[in-house]
2 protein chains.
Amino acid sequence: MSYLDQISEPTLLLNEQIARANIRRMAEKARRAGVRFRPHFKTHQSKQVGEWFKEEGVKEITVSSVKMAAYFAHHGWTDITIAFPLNRRQLPQIAKLAPQITLNLLVTSADDVAFLRENLRPPVHIWVKIDTGYGRTGIMPKDTVALDAVMTELASTPQHSFCGFLAHAGHTYKTRHLGTIASIHEQTLEKLQALKARYAPAWSELELSVGDTPSCSVMDDFTGIDEIRPGNFVFYDLTQNQIGSCTLPDIAVAMACPVVALHPERNEVILYGGSVHFSKDALSLPNGSTIFGLVVPLNEKGWGEPLPQTSVISLSQEHGVVHTTHDLMKHFELGGLVGVLPVHACLTADLMKGYLTLDGKRLEHLSGVV
Amino acid sequence: MSYLDQISEPTLLLNEQIARANIRRMAEKARRAGVRFRPHFKTHQSKQVGEWFKEEGVKEITVSSVKMAAYFAHHGWTDITIAFPLNRRQLPQIAKLAPQITLNLLVTSADDVAFLRENLRPPVHIWVKIDTGYGRTGIMPKDTVALDAVMTELASTPQHSFCGFLAHAGHTYKTRHLGTIASIHEQTLEKLQALKARYAPAWSELELSVGDTPSCSVMDDFTGIDEIRPGNFVFYDLTQNQIGSCTLPDIAVAMACPVVALHPERNEVILYGGSVHFSKDALSLPNGSTIFGLVVPLNEKGWGEPLPQTSVISLSQEHGVVHTTHDLMKHFELGGLVGVLPVHACLTADLMKGYLTLDGKRLEHLSGVV
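Everything numeric in this text was worked out from a predicted model, so none of it was measured.

A closer look at the relation of the copies chain A and chain B
Superposing the two chain copies requires a rotation about an axis and a translation along that axis.
Stage number 1. Each copy superposes on the other: chain A lies on chain B with an RMSD of 0.0 Å after a rotation of 180° and an axial shift of 0.0 Å. Considering both components of the superposition, the chain copies are consistent with a two-fold axis. For chain A, the residue whose C-alpha comes nearest the rotation axis is lysine 280 of chain A, separated from it by 2.6 Å.
Stage number 2. Interface overlap between copies: 100% of the residues of chain A at the interface are likewise at the interface in chain B, consistent with a symmetric, same-surface contact.

Notes on the sheet that holds strand E9 (residues 227-228) of chain A
Residues and elements named next belong to chain A.
Stage number 1. Overall, parallel pairing links the 8 strands, which are arranged E2-E9-E8-E7-E6-E5-E4-E3 in an open sheet. Taken across any chain shown, the strands that pair with only one partner, and hence form the sheet edges, are strand E2 (36-37) and strand E3 (61-63).
Stage number 2. Docked against the sheet, helix H7 (residues 178-199) engages strand E6 (125-130), strand E7 (161-167) and strand E8 (207-210), running at close to 160° with respect to E8.

A short note on the pairing of E6 of chain A
Residue and element names in this part refer to chain A.
Stage number 1. Of all 6 residues in E6, 5 are buried; the element is thus mostly enclosed.
Stage number 2. In terms of handedness, the path from strand E5 (residues 102-107) via helix H5 (residues 110-119) over to E6 forms a crossover that is right-handed.
Stage number 3. Bridging between E6 and E7 involves 6 bridges; their strand directions are parallel. Each bridged residue has a counterpart across the sheet, and for isoleucine 126 the counterpart in E7 is phenylalanine 162.

Things to note about the UniProt feature "domain: D-serine dehydratase-like" (unreviewed entry) in chain A
Stage number 1. The UniProt record marks residues 252-359 of chain A with the feature "domain: D-serine dehydratase-like" (unreviewed entry), using the residue numbering of this structure.
Stage number 2. Its end C-alpha atoms 14 Å apart, residues 252-359 of chain A is made of 11% helix and 44% strand.

A closer look at the interface of chain A and chain B
Stage number 1. Of the residues lining the interface, 58 residues belong to chain A; the matching set on chain B comes to 58 residues.
Stage number 2. Summed over both sides, the interface of chain A with chain B buries roughly 4,500 Å², with 53% coming from carbon and sulfur.
Stage number 3. Of all residues in chain A, Arg89, Arg136 and Gln317 of chain A bury the most surface against chain B, accounting for 17% of the area lost on that side.
Stage number 4. Connecting chain A to chain B are 2 salt bridges.
Stage number 5. Here lysine 280 of chain A and aspartate 281 of chain B are joined by a salt bridge, their closest N and O atoms 3.1 Å apart.
Stage number 6. Connecting chain A to chain B are 26 residue pairs in polar contact (both at pLDDT 80 or more).
Stage number 7. Those elements that place two or more of their residues in the side of chain A that touches chain B are helix H3 (66-74), strand E4 (79-85), H5, strand E10 (253-263), strand E11 (268-272), helix H10 (275-278), strand E18 (319-323) and helix H11 (345-352) of chain A.
Stage number 8. Its residues assigned to classes, the side of chain A that touches chain B comprises 21 nonpolar, 21 polar and 16 charged.

Comments concerning the packing of H5 of chain A against helix H6 (residues 144-155) of chain A
Residues and elements named next belong to chain A.
Stage number 1. Two elements in contact, H5 and H6, have axes separated by 8 Å at closest approach and are oriented at 15°. With respect to each other, H5 and H6 are oriented roughly parallel. Crossing hand, H5 versus H6: left-handed. Across the interface between the two elements, Ala110, Val113, Ala114 and Arg117 of H5 pack against Ala149, Val150, Glu153 and Leu154 of H6.
Stage number 2. The residue makeup of the contact of H5 with H6, split by class, is 6 nonpolar, no polar and 2 charged.

With respect to unusual backbone geometry
A negative phi holds for most residues other than glycine; trans holds for most peptide bonds.
Residues and elements named next belong to chain A.
Stage number 1. Its identity as a non-glycine residue notwithstanding, tyrosine 236 has a phi of 55°, on the positive side.
Stage number 2. Note on placement: tyrosine 236 falls in the loop between E9 and helix H9 (238-243).
Stage number 3. For lysine 353, which is not a glycine, the phi torsion comes out positive at approximately 65°.
Stage number 4. When you line up the elements, lysine 353 lands in the loop between H11 and strand E20 (354-357).

Let's talk about H11 of chain A
Residues and elements named next belong to chain A.
Stage number 1. Burial within H11 is extensive, with 8 of its 8 residues counted as buried.
Stage number 2. Taken as a whole, H11 has its buried residues at Ala345, Cys346, Leu347, Thr348, Ala349, Asp350, Leu351 and Met352.
Stage number 3. Lysine 353 sits one or two residues past H11 and shows a positive phi near 65°.

Here's the deal with the domain arrangement of chain A
All names here are of chain A.
Stage number 1. In terms of domain boundaries, chain A breaks down into domain 1 (3-12 + 247-368) and domain 2 (16-234).
Stage number 2. Across the contact, 17 residues belong to domain 1 and 20 residues belong to domain 2.
Stage number 3. Of the roughly 1,400 Å² buried between domain 1 and domain 2, counting both surfaces, carbon and sulfur atoms make up 54%.
Stage number 4. Of all residues in domain 1, the largest losses of buried area upon contact with domain 2 belong to Cys346, Glu364 and Leu366, amounting jointly to 43% of the total for that side.

Considering the packing of aromatic side chains
Stage number 1. Under the criterion given, the structure shown has 24 aromatic pairs over all chains.
Stage number 2. Note on phenylalanine 37 of chain A and phenylalanine 233 of chain A: the rings are 5.9 Å apart at their centroids and 50° apart in plane angle, and the pair reads as tilted. Of this pair, phenylalanine 37 of chain A sits in strand E2 while phenylalanine 233 of chain A is found in the loop between E9 and H9, placing the two residues 196 residues apart along the sequence. Like phenylalanine 37 of chain A, the residue phenylalanine 233 of chain A is buried in the burial classification.
Stage number 3. The interplanar angle of 70° and the centroid separation of 5.8 Å between the aromatic rings of phenylalanine 162 of chain A and phenylalanine 165 of chain A together place this pair among those described as edge-to-face.
Stage number 4. You can call phenylalanine 162 of chain A buried: its relative accessible area is 12%.
Stage number 5. An aromatic cluster is built from Phe37, Phe41, Phe53, Tyr71, Phe72, Trp77 and Phe233 of chain A, whose rings are joined through pairwise contacts.
Stage number 6. Over the ring of tryptophan 77 of chain B we find lysine 54 of chain B; its NZ or CZ atom is 4.9 Å from the centre of that ring.

Describing the environment of phenylalanine 278 of chain B
Residues and elements named next belong to chain B.
Stage number 1. Looking at the secondary structure, you find phenylalanine 278 in helix H10 (residues 275-278).
Stage number 2. The spacing of phenylalanine 278 and serine 64 is 214 residues in sequence and 20 Å in space, taken between C-alpha atoms.
Stage number 3. When neighbours within four sequence positions are excluded, phenylalanine 278 is seen to be in contact with Met255, Cys257, Gly273, Phe292, Leu315, Val340, Leu347, Thr348 and Leu351.

A closer look at the side chain of arginine 229 of chain A
All names here are of chain A.
Stage number 1. Of note, arginine 229 is situated in the loop between E9 and H9.
Stage number 2. Buried and unpaired, arginine 229 has glutamate 227 as its nearest opposite-charge partner, separated by 5.1 Å.
Stage number 3. Looking at arginine 229, its side chain comes within polar contact range of the main-chain oxygen of alanine 167, at 3.1 Å.
Stage number 4. Side-chain polar atoms of arginine 229 contact the side chain of serine 209, separated by 2.8 Å.
Stage number 5. Not counting the four nearest positions on each side in its chain, arginine 229 is found in contact with Arg38, His40, Thr62, Leu166, Ala167, His168, Ser209, Val210 and Gly211.

Here is what the cut-offs are and how they apply
- Throughout this document, residue positions are counted from 1 along each chain, in the order its sequence is written.
- Each chain is given a letter, starting from A, and each ligand a number, starting from 1, according to the order in which they appear as written.
- The predicted nature of this model means local features are confined to residues of pLDDT at least 70 and side-chain atom pairs, given and counted, to a pLDDT of 80 or more, with totals for whole chains, interfaces and linings taken over all residues.
- Side-chain measures here rest on the full set of heavy atoms in the structure, leaving out hydrogens and waters.
- Residues below a pLDDT of 70 in either copy are left out; the C-alpha atoms of the rest, at least 70 in both, set the least-squares superposition of the copies.
- Residue contacts are defined here by distance: any two heavy atoms, one from each residue, within 4.5 Å place the two residues in contact.
- At least two bridges found by DSSP between two strands are what make those strands a pair.
- Where helices and strands are cited, they refer to DSSP runs of H or I of at least four residues and of E of at least two residues respectively, numbered from the N terminus.
- Only the stretch in contact is used when a helix axis is fitted, and all axes are lines through C-alpha atoms; the angle between N-to-C directions ranges over 0 to 180 degrees.
- Working definition: with a 1.4 Å probe on protein chains only, accessible area under 20% of the residue-type maximum means buried, over 50% means exposed, and in between means partly exposed.
- Seen with its strands pointing away from the viewer, a crossover is right-handed if its path from the first strand over the helix to the second goes clockwise.
- UniProt positions are given in the numbering used here, feature names are shortened, and annotations may be inferred rather than shown by experiment.
- Accessible-area loss on putting two parts together, using a 1.4 Å probe and summing over both, is the definition of buried area adopted here.
- Here a salt bridge means any side-chain nitrogen of Lys or Arg lying within 4 Å of a carboxyl oxygen belonging to Asp or Glu.
- Under this definition, polar contacts are N or O atom pairs within 3.5 Å; protein pairs additionally need one hydrogen-donor-capable and one acceptor-capable atom, and for neighbouring residues in sequence, both atoms have to be side-chain atoms.
- Ten residue types, Ala, Val, Leu, Ile, Met, Phe, Trp, Tyr, Cys and Pro, are classed as nonpolar, four, Asp, Glu, Lys and Arg, as charged, and the remainder, Gly among them, as polar.
- For classification, angles of less than 35 degrees are called roughly parallel, those exceeding 145 degrees roughly antiparallel, those between 65 and 115 degrees roughly perpendicular, and all remaining angles oblique.
- The sense of a crossing depends on the near helix, which, turned anticlockwise from the far helix by less than a right angle, makes the crossing left-handed and, turned clockwise, makes it right-handed.
- Domain borders in the structure are assigned automatically or taken from a domain database.
- Any Phe, Tyr or Trp ring, taking Trp's six-membered ring, that has another such ring centre within 6.5 Å forms a pair; planes under 30 degrees apart are called stacked, those over 60 apart edge-to-face, and the others tilted.
- Criterion for a charge above a ring: Lys NZ or Arg CZ within 6 Å of the ring centre, and within 35 degrees of the ring normal.
- Two residue types count as positive, namely Lys and Arg, and two as negative, namely Asp and Glu; His and chain ends fall outside the count.

Structure below.
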């Protein structure tokens, strides 16, 4: 029986071969660059996909919540960074997890360090979040007053270990030029290296960690960096393709959606698959239009190339509207299935709560685990 | 202990008193107008919230998926319309559910009717979906060829009952003028009444069903209509407020989010609460800015009015960025909680998988039920 026969509702297909190739490529790049590969698991959030990383030699991982850290600790991961600002309200959960694994936390202020010193007894490792230009969170490299204050607090917090400076150059997501990714990456490296030079006399062991998928996909030079934390690359998606991080054949997930209505009079097709399945993330195309996915034909071995001039042009809660051409309407039939490459794989996987591989295996996602 | 003490992660608060008032107001409007009230349960998807409707005398409901129909049938609902185009791939699930309840299905073509006649043995009720101007799905009222074809198929499908014509004037969501809602509503009524006049000689019992929250909130005249199916009104949200369907105090849900970082230098606050909690639906304001929520102070009794000049200006996977004023920064403290009124309550509830009421009860949402 084909995996397609199992599908009656929107289902997230995962091509294991492509995902494993994406993992292998990034693991090899990290080895070549001599940096620790600490992939971000927020994209897949799956114990089974985690095993594919183990097979590539990965031992340290990144997550974005305390709950996700507890999930992967439960599945045998022993060195986990929660790459999210310290959430003080989860102190009990953190205190419970800390003795079980090597737990690495982020702080964004001297006050955070003082809070951990005074309130968290089990030892943790501490990274200081640096804002290298994304402008979301972290201390600005030029804010030496705030930085000195953090380092002073760290010096009087012997029960927790200071690891180093961690940055997420998320502003690479806003560009569509490889040259801009390169310059963002170089600026990030320069800023972090300058910080290391400033504080290395007192903290000789301090490390530097960076991590966005565009920089890690496109760049090869990680001079001075100790670890990389990309996440999305395991699946990639249309956003990463538009940024230039990947080719379309590198995308490892596609949504299978039933065709529920045909509108040949306007070359439109209604899919069962809406914003509760894909999320509402959209992609602006150079021609000014906005799309929510590209349509691919499904077959026994996976999916083919996107149909030309065909895309998901709108999503409501459960409906997806595909616009195509007169000639391509014949690819769609009531009760049939088509594939859709997602705009943002992380959000789609989170909503879908699990995966179906092309050999018919169901893999879990943390959001589907009660 | 206050309900607030339970909260360590993003949590969807539900003010039961406001939701019950919203339900009562719509139930009374339906009674006054002499129409059946068949509320859409896709917004709350909760067995407990469903009970509040039962207490207002509601006996028939609308859902948007076969799975949702099965869930509410399991919780005692005996007359359910699946207001979504027939998904042929779920025929086995439909055939299983049909003998248990009065199951009402939508068809969008003569072909759908023939499919049900030939493939579905247990009797169901059939509504024909009409496109009164939204342009998503359904048969256009002027397409008399398609309509006549559907009616011909229905006439030769005696095992299933034809109920009538059903429309969703979703184009009311695109307007921000009450006058436009009124004219869309009147056109919808006129188009449906004309269809009824055309087919009533052969189908004297045929009914008309309409259902968007803006029309049902704003309008009082439902002449010729037999049932209304609004859904979002149970909670309302910022989109409905901007449309004019509700006031801000009518909004029955708010997300409680921990404050995890402060950036007084740019009057920004980082919340634990991102696109995996809120969804990525955004609201464009008249001043050209885009927001993902308004910030409200939380207290023992619920939440207050939105803080002026303060909104969620961006969302990433787990982070929300609030921009506020210099003076209002003092409302935010590390480890504290603030509330956020959501842009689109249906998607937020679906992502949050459950609710916390102000008296500390946890209510379920279908998306959190395995």
